[in-house]
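# Structure assessment
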Amino acid sequence: MSATARRRTSASFVVGTLLVAMLLAVVALSFVWTPYAAAELDIPNKLQLPSQAHWLGTDSLGRDIASLLIVGSRVSIAVGLIAVGIGIGFGVLLGLVAAVRRGWIEEVLMRFADFTFAFPALLSAIMLTAIYGPGLVTSIVAIGIFNVPVFIRLTRASALVVRSREFVTAARALGKSEWQITLEHVLPNILPILIVQATIQFALAILAEAALSYLGLGTQPPTPSWGRMLNDAQTQLFRAPQLALYPGAAIALTVLGLNLMGDGLRDFFDPRLADRR
Amino acid sequence: MASLVVFTVLDVLPGNIAEVMLGESATPESVAMLSQRLGLDRPAPVRYLDWMRGLASGDLGISVAYDTPIASLLGERLAVTVPLALMAMLLTTALAFALGLWAASQHGRGGDTLVMAASQVGIAIPNFWFAILLSLVFAVKLGWFSATGFPGWTADDGGGPLAALRALVLPAVALAVVQASILARIVRSAVVDVMREDFVRTARAKGVSRRGVLWGHVMRNAMVPVLTVMGLQFANLLAGTVVIERVFALPGLGLLAFQAIANRDLVVVRDVVMLLAAAVVAINFVVDVLYVVIDPRLRARRS
C-alpha cells in the first residue's frame, strides 16, 4: 500500500467511525432525553431562529428542531437495519444456494437478480406504495427487496472464488458435506466482503427512506423523520430558509460516515484493493 | 419479461384494482361500475395481452382521474422528463470525466485527495436536499431561476425553448452532482488501473505523448467499466426525476407517477412504471452495443 493511500484510508476510516458513533449516541440519547418532547406543538413560538431555549430554532408548528432531529435518527437507523437485514437474510442464502447448486437454479436466481438489480429501488417502492398505501413498513420492505439482488450477486461471486480454493477441496476430501463446507469455510471467508457491502447498503437505504419520506410515501406523521422534515422545510423556504439546512445535513453526515467507514473496512480486510485505489 | 412483472405486481396482486382505486369508502355499485369501465371482468391474461397491444399501438385507454387519454398524458410528461434526464446525464458525464481524469493525472497527490474527498461528500448528499439548497440560493436569494414550474416548450404555452431549458437547469444540476461524484471515482480508478498496464509504458517509450497515450490507449480501455456504471446511473437518474420533479414542481413523468399514487390511479402508475422500466431495458441494450463498439475483442469472443 502506498503511503498516501494508507494515510487517506486511516483518516477517512477514523472520521467515518466517529460519525457513525455519534449517530448511535444520538439514537441512544433519543430514548432517554430530548430538549423538548418532539411532538410538542407551540404555535405562538413557531419558526424561531436558533436561541438559548431552542438550539436550532422551531419549525412551522413551533416544534423544537433539535428534538425532532434527535428522535428522527431512530427512523433512519431502523430502516437501515431492517432493510439491510432483509437483503442479507434472503440475498446471502440465495447466493449460497446458487454457488453450491449451480445449474438451472443458479441460472434462474441470477437472471432474477440481474432484473431486480437494474430496477431502481425508488421505482419498486413507488409500485408498492401505489398498492399498499404509503407508510414506513411498505418503504422498508421495498428498500429491503432492492437489497436482495445486491447480496445474491456478491455472495455468489465471492463464494465461487472461495470454493475453488484448496482448503475447500481438502475439506471435501475429509468427507464434509457441501453445507458443512459452506457454513464452516465459505461463509467465514466471505463475511468481510459482506460487512463492507452492508455498510454501503445501509447508507443507500437511509438515502432512499429520506427520499420516500420527503415525497410523503415513507414515514407518516406524527413520527418525526429527516425526510419529512425537509418536506415541511420546503413549504417554508421563503419565510424560514434555515429549516432546510439541518435535516439534510443530518442525512448527509450519516451517509458520509457510513461510506467512509465502509471504505476503511474494505481496505482493512483487503489491503491489496487499497493499493489500487 | 419486465412488463409481466409490472403487470403482476400492479394488476393481479392487489386483487380487484377498482376497489384499491376507490378506497375504503367505496360502495359496491361504484366498484362494479369502475370494474366494468376498466374491463376487470375479463381474465388476467386477456387484460395483459390487451395492455400489451395498447402499449404497442400507443392506445392506453383513458385515465380515470384525469379524464384524458393516458397516451397523450404520458407524451406531454415525457417532453419534460426526457430532456431533463439527458441534460443531467450530459452534465454528469462532463463533470465526472473532467474531475476523474484530473484526479488520475494527480494520482497520489493533493489534487487527487481533494477530488476523492469532495466526491465522498457529493455521494452522501441527498439529491433532493441539494435541489432545495440550489433553489434556495439561485431562485430565492439570487432570483436567477424560478424555484418551481415549467413554462413549456412553445411560445403558445407562454414559454419557449430557452425559457424551458432555463427551468431545467437547476433540476439537472441537482440530479447530476450526486451521479457525477460516483462516476468521477469510477473514471479515476479505471484510468489509474489502465495507466499501470505494460502497453502504456511501451507506448510512452516509443515516444507517444502523454495526451496521445491517454486518448489513444487509456480511454478506450478504461471506458468498459465506466460505461457499465453509466448505464446503471441513467436508470437511477430516471428514478431520481420522481423526487426532483417534485422539488421543482416540474410536470414530468415522475410527478405524474407521484400524483397518480395520490389519486390511487393504478392504471396510470402501471403505465408510467412500465415506461421507465422499458427505458432502463433500452439503456442496458445500448450499453451492450457500445461495449462491442469500444472493445472489438468482445465481438471476437462472442462469435
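For every chain, the first residue of its written sequence is number 1, and the numbers climb from 1 along that sequence. To read the labels, note that chains go from A and ligands from 1, taken in the order they are written. This being a predicted model, a pLDDT of at least 70 is required before a residue's local features are given, and a value of 80 or more before pairs of side-chain atoms are given or counted; all residues contribute to the totals for chains, interfaces and linings. Only heavy atoms go into the side-chain values, all of them from the structure, while hydrogens and water stay out.

## A word on the overall build of chain A
Secondary structure elements follow DSSP: runs of H or I no shorter than four residues count as helices, runs of E no shorter than two count as strands, and numbering proceeds from the N terminus. Assigned secondary structure in chain A consists of ten helices and zero strands. Ordering the α and β elements of chain A from the N terminus gives α-α-α-α-α-α-α-α-α-α. Only protein chains enter the accessibility calculation, which uses a 1.4 Å probe; a residue is then buried when its area is under 20% of its type maximum, exposed when over 50%, and partly exposed in between. With 277 residues in all, chain A has 54% of them scored as buried. Only heavy atoms enter the contact rule, under which two residues are in contact if any of them lie within 4.5 Å. A separation threshold of at least 6 residues defines the contact pool for chain A, and within that pool the share at least 24 residues apart is 69%.

## Describing the overall build of chain B
Along chain B, the regular secondary structure elements total 13 helices and zero strands. A buried classification covers 49% of the 303 residues belonging to chain B. In chain B, 70% of the contacts between residues at least 6 apart in sequence involve partners at least 24 apart.

## Side note on the pattern of salt bridges
Any carboxyl oxygen of Asp or Glu that lies within 4 Å of a side-chain nitrogen of Lys or Arg is treated as forming a salt bridge with it. Applying the stated rule across the entire model yields ten salt bridges over all chains. A:R172 is the partner of A:E178 in a salt bridge, and the nearest nitrogen-oxygen pair spans 3.1 Å. What makes A:R172 partly exposed here is its relative accessible area of 35%. Residues B:R188 and B:D112 are paired through a salt bridge, measuring 2.5 Å at the closest nitrogen-oxygen approach. You can see B:R188 sitting in helix α8 (residues 161-195) and its partner B:D112 sitting in helix α6 (residues 110-124), a full 76 residues away along the chain. Judged by its relative accessible area of 1%, B:R188 falls in the buried class. Each of A:R102, A:E106 and A:R156 takes part in a single network of salt bridges with overlapping partners.

## A short note on the interface of chain B and chain A
Taken residue by residue, the interface counts 49 residues in chain B and 40 residues in chain A. A simple way to read buried area is as the amount of 1.4 Å-probe accessible surface that goes missing from two parts once joined, with both sides added. Note on chain B versus chain A: buried area summed over both sides is about 4,000 Å², and carbon and sulfur give 76% of it. Ranking the residues of chain B by area buried against chain A places B:F128, B:W129 and B:I261 at the top, with a combined share of 15%. The tally of links from chain B across to chain A stands at one salt bridge. Taking the shortest distance from any N to any O, the salt bridge between A:D263 and B:R185 comes out at 3.6 Å. Throughout this description, a polar contact denotes any pair of N or O atoms lying within 3.5 Å of each other; where both atoms belong to protein, one of them has to be capable of donating a hydrogen while the other can accept it, and for residues adjacent in sequence the pair is counted only when both atoms sit in side chains. Taken together, the links from chain B to chain A amount to three residue pairs in polar contact (both at pLDDT 80 or more). Those elements that place two or more of their residues in the side of chain B that touches chain A are α1 (2-12), α6, α7 (127-141), α8, α10 (210-247), α11 (253-262) and α12 (266-294) of chain B. Tallied by class, the residues present in the side of chain B that touches chain A amount to 35 nonpolar, seven polar and seven charged. Gly is put with the polar residues, along with every residue not named as nonpolar or charged; the nonpolar set is Ala, Val, Leu, Ile, Met, Phe, Trp, Tyr, Cys and Pro, and the charged set is Asp, Glu, Lys and Arg.

## What to know about the side chain of B:R185
Residues and elements named next belong to chain B. Within the element layout of this structure, R185 appears in helix α8. According to the relative accessible area criterion, R185 is buried, its value standing at 15%. Within the local environment of R185, its side chain forms a polar contact with the backbone oxygen of M116, the two atoms lying 3.0 Å apart.

## Describing α11(B)
Structurally, the α-helix is built with 3.6 residues per turn, so residues lying three or four positions apart point the same way. Where burial is concerned, most of α11(B) is hidden: eight out of the ten residues are buried. Taken together, the buried positions of α11(B) are B:L253, B:G254, B:L255, B:L256, B:A257, B:F258, B:A260 and B:I261. Buried residues belonging to α11(B) abut α4 (121-132) and α7 (178-215) of chain A together with α5 (70-105), α10 and α12 of chain B. Positive backbone phi, at 55°, marks B:R264, one or two positions downstream of α11(B).

## Quick notes on a nonpolar patch on the surface
A patch is a set of surface residues, each over 30% in relative accessible area and not in a salt bridge, joined within 9 Å for like charges and within 5 Å for the nonpolar side chains Val, Leu, Ile, Met, Phe, Trp and Tyr. Under the convention used here, a 1.4 Å probe and the Shrake-Rupley method define accessible areas, while residue burial counts only the protein chains that appear. A grouping of B:F285, B:V286, B:V289, B:L290 and B:V293 is seen on the molecular surface, where their side chains present a nonpolar patch of about 440 Å² in accessible area. Along the chain, B:V293 falls in helix α12.

## As for the packing of aromatic side chains
Only the six-membered ring of Trp is used, alongside the rings of Phe and Tyr, when aromatic pairs are assigned; centres must lie within 6.5 Å, and planes under 30 degrees apart are stacked while those over 60 apart are edge-to-face, with the rest tilted. Considering all chains together, one arrives at one aromatic pair over all chains under this definition. A centroid spacing of 4.8 Å and a plane angle of 25° characterise the contact between A:Y214 and B:F128, whose relative ring orientation is stacked. Of this pair, A:Y214 sits in helix α7 while B:F128 sits in helix α7, each in a different chain. A:Y214 sits in the buried class, given a relative accessible area of 1%.

## Digging into the nonpolar core
Core analysis: the biggest nonpolar cluster contains 142 residues, and A:Y214, A:I251, B:F128, B:V191, B:V226 and B:V272 have the highest contact counts within it. At 18 residues, α10(B) tops the list of elements feeding residues into this core. Put simply, buried Ala, Val, Leu, Ile, Met, Phe, Trp, Tyr and Cys residues joined by side-chain atoms within 4.5 Å make one nonpolar core.

## Considering the environment of A:V84
Residue and element names in this part refer to chain A. Within the secondary structure layout, V84 lies in helix α2 (residues 65-101). Exposure remark for V84: the relative accessible area of 6% places this residue in the buried category. Along the chain, V84 and I145 lie 61 residues apart, while their C-alpha atoms are 9.3 Å from each other. In this view, V84 contacts V79, N147, F151, A198, Q201 and F202; residues no more than four positions away in its chain are not counted.

## Concerning the confidence of the model for chain B
Caution is warranted with low-pLDDT regions, since their predicted coordinates should not be read in detail. Along the chain, pLDDT gives the predictor's confidence residue by residue, from 0 to 100. Put simply, chain B has an average pLDDT of 78, and 77% of its residues get 70 or more. With a pTM of 0.82, the predicted complex shows an ipTM of 0.80.

## What to know about the packing of α8(B) against α10(B)
Residue and element names in this part refer to chain B. Contact pair α8 / α10: the axes reach a minimum separation of 9 Å and the direction vectors enclose 155°. With respect to their mutual orientation, α8 and α10 come out roughly antiparallel. Read as a crossing pair, α8 and α10 show a hand that is right-handed. Grouping the constituent residues of the contact of α8 with α10 by class yields 21 nonpolar, six polar and no charged. Here, axes are lines fitted to C-alpha atoms. For helices the fit covers the stretch in contact, and angles between N-to-C directions go from 0 to 180 degrees. Should an angle lie under 35 degrees it is considered roughly parallel, over 145 roughly antiparallel, and from 65 to 115 roughly perpendicular; all remaining angles are considered oblique. Helix crossings get a hand from a simple test, with the near helix turned counterclockwise from the far one by less than a right angle marking a left-handed crossing and a clockwise turn marking a right-handed one.

## Some words on unusual backbone geometry
A positive phi is found at A:R102, a non-glycine position, where the angle reads about 50°. Of the residues examined, A:R102 reaches a relative accessible area of 40% and is grouped as partly exposed. With phi around 50°, B:A249 is a residue other than glycine that occupies positive phi space. Of note, B:A249 is situated in the loop between α10 and α11. Look at B:A249 and you get partly exposed, because its relative accessible area is 34%.

## With respect to the environment of A:L18
Residues and elements named next belong to chain A. Following the sequence through the fold, L18 ends up in helix α1 (residues 3-32). Given a relative accessible area of 56%, L18 falls into the exposed group. For the pair formed by L18 and G57, sequence separation is 39 residues and the distance between their alpha carbons is 26 Å.

## A word on α8(B)
The terminal C-alpha atoms of α8(B), which comprises 35 residues, lie only 43 Å apart, well short of the 51 Å expected from a rise of 1.5 Å per residue. Note on bend: the value at a residue is the angle between axes fitted to the seven residues ending there and to the seven starting there. Along α8(B), the sharpest kink reaches roughly 35°, centred on B:V169 and followed within four residues by the proline B:P171. In this analysis, the expected span of each helix is defined as 1.5 Å times one less than the number of residues it contains.

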